[in-house]
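Listed below are the residues making up each chain.
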Amino acid sequence: MIPAIFVYDDDFAKYQFSADHPFNPRRLQATRSLLDALDWLPSELVAHPKMPTLDLLKLGHSSYYLDLVQRISESGRKTYGIERLGLGTDDNPVFVGMHDAAALVVGGTLTAALAVVNGDTNRAVNLAGGLHHAGHGHASGFCIYNDVVVAIRWIRRETGWRVLYVETDAHHGDGVQDAFYSDPNVFFVSLHETGRHLFPGTGNVEETGRGEGRGTTLNVPLSPATDDDSWLDAFSRVVPRVMEKFRPDIVVSQHGCDGHYWDPLADMCATTRFYDQVPLWLSDWVDRYAQGRWIATGGGGYQALRVVPRVWSILWRRMLGMRIPPTLLVPEAWLKTWQPQSGALLPQALFDNPEEFHPIKDRHRIHQANQDVLLKLNALFPDFNFLANLDIIDSN
Ligand SMILES: [Zn+2]
């Protein structure tokens, strides 16, 4: 069995709304380039995505919506009323080739899923994926098609496996939550900046699923300026307990990194310590509770050169179960290539230096507010006991 598969294609770069849109394909190109510079991506682990059929896309989207995207994709021009479906807006402008570009991202996550379902590997990643806001019949938050919804539906159809979906994007994964809100076989977990402050506004603790799916949606809305310690505390209390109880056959994770301290589109204060610990833990927990099967995706992250390439390189390295020297430097050749394209100075080391970040005001109060969310969750999910091992709490 191959240790892990990295899905990549140069055509992923065609998913570009405009030259100055924050969701810029440089994020992916610079990540690929960093992995190559570090010599962390042997070519035999790279798989190219296959373009999915329309029938596959219909696992996640209405025919009406797919038709519409295909039509506007040809001209690259708005048609009357499409804003109601989230298209032709500031967030999701129309562009020529939009359908193919968005479909290829779905194809990437399906390629990752196929590799795991076939048993070629237990772990696969599509960093172009994680487009968690797209809905059944609408675009939202830079997301045209929802690759994770399509891939999870496909896995369910082909295998009947129980799926745990977990994400740490700064934004709530509303499109994925909606798709599986009544489905008891897909457990949705999201730890995000509270919707009281941030798009899309959903992801409250009280959103726990509907009908047969009640109790298989779990949201941890965190305070703005949540740091590594408090976010990791919540993650380590919630996720392994859910895995232990739910016993998924596979984990699908979304690793948006817009919760980083420097990210311009959210207000969280995570550093590479958070984005290293999450895949380290998942790597351990999927082996313990989920038959070792793990599909990871990217997601948000709008420091395209300062943050995303380092965070996603760390993720890939951890998926391979490899060590990373704590003082490892970013290769000079990579800096030479990408520094001219960056307004700000690019970090010289793979891991953030904690001294570069201002201390967080009200750190204790923020942590208390996050603990209150866990208390509420504990009441809503009485079987889970998220407050066990309280000694992890650091309250200085
Ligand atoms: Zn996001």
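Residues numbered from 1 in each chain as written. Predicted model: local features only at pLDDT ≥ 70, side-chain atom pairs only at ≥ 80, totals over all residues. Heavy atoms only, no water.

Regarding the pairing of strand 3 (residues 123–126)
Part 1 of the reasoning: The side-chain alternation of strand 3 yields two buried faces, one formed by Arg-123 and Val-125 and the other by Ala-124 and Asn-126.
Part 2 of the reasoning: Pairing analysis gives two bridges linking strand 1 (residues 5–7) to strand 3, with the strands arranged parallel. Bridge pairing links Phe-6 to Val-125 in strand 3.
Part 3 of the reasoning: Taken together, the four bridges between strand 3 and strand 8 (residues 294–297) define a ladder with parallel strand orientation. Of the residues in strand 8, the one forming a bridge with Arg-123 is Trp-294. (Buried < 20%, exposed > 50% of the residue type's maximum accessible area, 1.4 Å probe, protein only. Helix = DSSP H or I, 4+ residues; strand = E, 2+ residues; numbered from the N terminus. Pairing = 2+ DSSP bridges.)

Points about the coordination of the zinc ion
Part 1 of the reasoning: Only Asp-169 (OD), His-171 (ND1) and Asp-258 (OD) from the protein reach the zinc ion as donors, at distances of 1.9 to 2.1 Å.
Part 2 of the reasoning: Here the donor residues of the zinc ion share one chain and are spaced in sequence as D-x1-H-x86-D. Of this pair, His-171 sits in the loop between strand 4 (163–167) and helix 6 (174–179) while Asp-258 sits in the loop between strand 7 (250–254) and helix 8 (272–289); the two residues are 87 residues apart in sequence, bridging distant segments of the chain.
Part 3 of the reasoning: Residue His-171 is classed as buried on the basis of its relative accessible area, which comes to 8%. (Donors = N, O, S within 2.8 Å, 3.2 Å for Na, K, Ca; no water.)

Some details on the packing of helix 1 (residues 26–38) against helix 9 (residues 308–319)
Part 1 of the reasoning: Viewed as axis vectors pointing N to C, helix 1 and helix 9 meet at an angle of 55°, and their least axial separation amounts to 8 Å. Classified by the angle between their axes, helix 1 and helix 9 sit oblique to one another. When the axes of helix 1 and helix 9 are compared, the crossing they make is right-handed. In this structure, helix 1 contributes Arg-27, Leu-28, Ala-30, Thr-31, Leu-34, Leu-35 and Leu-38 to the contact, and helix 9 contributes Val-308, Pro-309, Arg-310, Trp-312, Ser-313 and Trp-316.
Part 2 of the reasoning: When its residues are assigned to classes, the contact of helix 1 with helix 9 shows nine nonpolar, two polar and two charged. (Axes fitted to C-alpha atoms, helices over the stretch in contact; angles between N-to-C directions. Parallel < 35°, antiparallel > 145°, perpendicular 65-115°, else oblique. Left-handed = near helix turned anticlockwise from the far one by under 90°. Contact = heavy atoms within 4.5 Å. Nonpolar A, V, L, I, M, F, W, Y, C, P; charged D, E, K, R; others polar.)

Some thoughts on the packing of helix 4 (residues 98–117) against helix 5 (residues 147–159)
Part 1 of the reasoning: At a minimum axis distance of 8 Å, the contact between helix 4 and helix 5 shows a crossing angle of 30°. By the angle class used here, helix 4 and helix 5 are roughly parallel. The hand of the helix 4/helix 5 crossing is right-handed. Across the interface between the two elements, Val-105, Val-106, Thr-109, Leu-110, Ala-113, Leu-114 and Val-117 of helix 4 pack against Asp-147, Val-150, Ala-151, Trp-154, Ile-155 and Thr-159 of helix 5.
Part 2 of the reasoning: Tallied by class, residues from the contact of helix 4 with helix 5 come to 10 nonpolar, two polar and one charged.

As far as function goes, none of this settles anything; it's purely spatial.
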